[in-house]
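Overview (structure and organization)
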Amino acid sequence: MAPKETHTTARPVRIPQKDWDDFGVLVGERERSRLVREFIAWYLRRPKATLPKRPDASPRPEVTLRRDDDPTVFFEAKYNRNA
């Protein structure tokens, strides 16, 4: 008997780095893939699929990346109440 497949195949998708980083700040580093899968299921009109809920428009975080001499990337999120 074959083992049950519990992992989906990784798919390369080209997304601008700033968009991917900002998305991770808004939804959490470990939630991005889940939301992309939910969107695709909704787009394909899969049974019971719903469009993922978006965060409120205000306040929106203004996300910037800061790189020092250290190769570690630091994320800074500041809420922009004027957006």
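So, here is what we can say about the structure in this document. (Residues numbered from 1 in each chain as written. Predicted model: local features only at pLDDT ≥ 70, side-chain atom pairs only at ≥ 80, totals over all residues. Heavy atoms only, no water.)

1. Digging into the packing of helix 1 (residues 17-27) against helix 2 (residues 32-43)
- Where helix 1 contacts helix 2, the axes come no closer than 9 Å and their chain directions differ by 100°. For the element pair helix 1 / helix 2, the angle class is roughly perpendicular. Judged by residue contacts, Trp20, Asp21, Phe23, Gly24 and Val27 of helix 1 engage Arg32, Leu35 and Val36 from helix 2.
- Along the lines of polarity and charge, the residues of the contact of helix 1 with helix 2 split into five nonpolar, one polar and two charged. (Axes fitted to C-alpha atoms, helices over the stretch in contact; angles between N-to-C directions. Helix = DSSP H or I, 4+ residues; strand = E, 2+ residues; numbered from the N terminus. Parallel < 35°, antiparallel > 145°, perpendicular 65-115°, else oblique. Contact = heavy atoms within 4.5 Å. Nonpolar A, V, L, I, M, F, W, Y, C, P; charged D, E, K, R; others polar.)

2. Overview of the packing of aromatic side chains
- Inspection of every chain in the model, using the stated rule, returns three aromatic pairs.
- On the basis of an interplanar angle of 55° and a centroid distance of 6.2 Å, the ring pair of Trp20 and Phe23 is categorised as tilted. On the criterion of helical spacing, the pair formed by Trp20 and Phe23 is a turn pair, its members being three residues apart in helix 1.
- Ring centres of Phe39 and Tyr43 lie 5.9 Å apart, and the angle between their planes is 35°; on these two criteria the pair is classed as tilted. Here Phe39 pairs with Tyr43, and both are found in helix 2, just four residues apart, close to one helical turn.
- On the basis of relative accessible area, Phe39 is assigned to the partly exposed category, the value being 38%.
- Cluster of aromatic residues (ring-pair linked, three or more members): Phe39, Trp42 and Tyr43. (Phe/Tyr/Trp six-rings, centres within 6.5 Å; stacked < 30°, edge-to-face > 60°. Buried < 20%, exposed > 50% of the residue type's maximum accessible area, 1.4 Å probe, protein only.)

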